[in-house]
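# Observations on the three-dimensional arrangement
In case you want the letters, here they are:
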Amino acid sequence: MSFVLVLAFIFFIGSVLGWGIEVLFRRTVHRKWINPGFLTGSYLPLYGSGLALMYVICSYCGFFSTGRVWLDDLLLIVFITAVMTLLEYITGIINIKYLKVKLWDYSGRPGNIQGIIC
């Protein structure tokens, strides 16, 4: 039960801090206050889910055991990067296909995939 509470706390912290960082970033880049996301309130569940998922992955990071600490850490970073990219892609697909809203668009950037991830 305590692991579930830790995950809930991490989800909450990631959602709120992610929202705050995103608001400040958008204020700096676009020169106006923009509420990111489509929910009412000061949280972004995508960031909370990502942080909770990273916590779970790092809690069980023993599956990379090459004998070299630096290589284990590098493999963990590559694995987390792939998982976070997949999470953003799946979330983008769900938002576009089922909720009929496109919250972010990377179409103009090189290396993008369907304008969802870059």
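Read on for an overview of the structure.

Conventions and cut-offs
- Residues numbered from 1 in each chain as written.
- Predicted model: local features only at pLDDT ≥ 70, side-chain atom pairs only at ≥ 80, totals over all residues.
- Heavy atoms only, no water.
- Helix = DSSP H or I, 4+ residues; strand = E, 2+ residues; numbered from the N terminus.
- Buried < 20%, exposed > 50% of the residue type's maximum accessible area, 1.4 Å probe, protein only.
- Contact = heavy atoms within 4.5 Å.
- Areas by Shrake-Rupley, 256 points an atom, 1.4 Å probe, with all protein chains shown as cover.
- Lys, Arg positive; Asp, Glu negative; His and termini not counted.
- Charge placed at Lys NZ, Arg CZ, Asp CG, Glu CD.
- Axes fitted to C-alpha atoms, helices over the stretch in contact; angles between N-to-C directions.
- Parallel < 35°, antiparallel > 145°, perpendicular 65-115°, else oblique.
- Left-handed = near helix turned anticlockwise from the far one by under 90°.
- Nonpolar A, V, L, I, M, F, W, Y, C, P; charged D, E, K, R; others polar.

Bringing the overall build of the protein into the picture now. Helices and strands together make up the secondary structure of the protein, namely 3 helices and 0 strands. Relative to its full complement of 118 residues, the protein shows a buried share of 19%. Looking at the protein alone, contacts between residues at least 24 apart form 47% of all its contacts between residues at least 6 apart. Counting only carbon and sulfur atoms, one obtains 69% of the accessible surface of the protein, whose full area is about 8400 Å². Here the protein contributes 9 positively and 5 negatively charged side chains, and the mean placements of these two sets differ by 13 Å.

Before going further, it helps to examine the packing of helix α2 (residues 45-59) against helix α3 (residues 69-97). Relative to each other, α2 and α3 sit at 150°, their axes nearing to 10 Å. Looking at the two axes, α2 sits roughly antiparallel to α3. Judged by the twist between their axes, the crossing of α2 over α3 is right-handed. Across the interface between the two elements, L46, S49, G50, L53, M54, I57 and C58 from α2 touch L76, F79, I80, V83, M84, L87 and T91 from α3. In terms of residue class, the contact of α2 with α3 is made up of 11 nonpolar, 3 polar and no charged.

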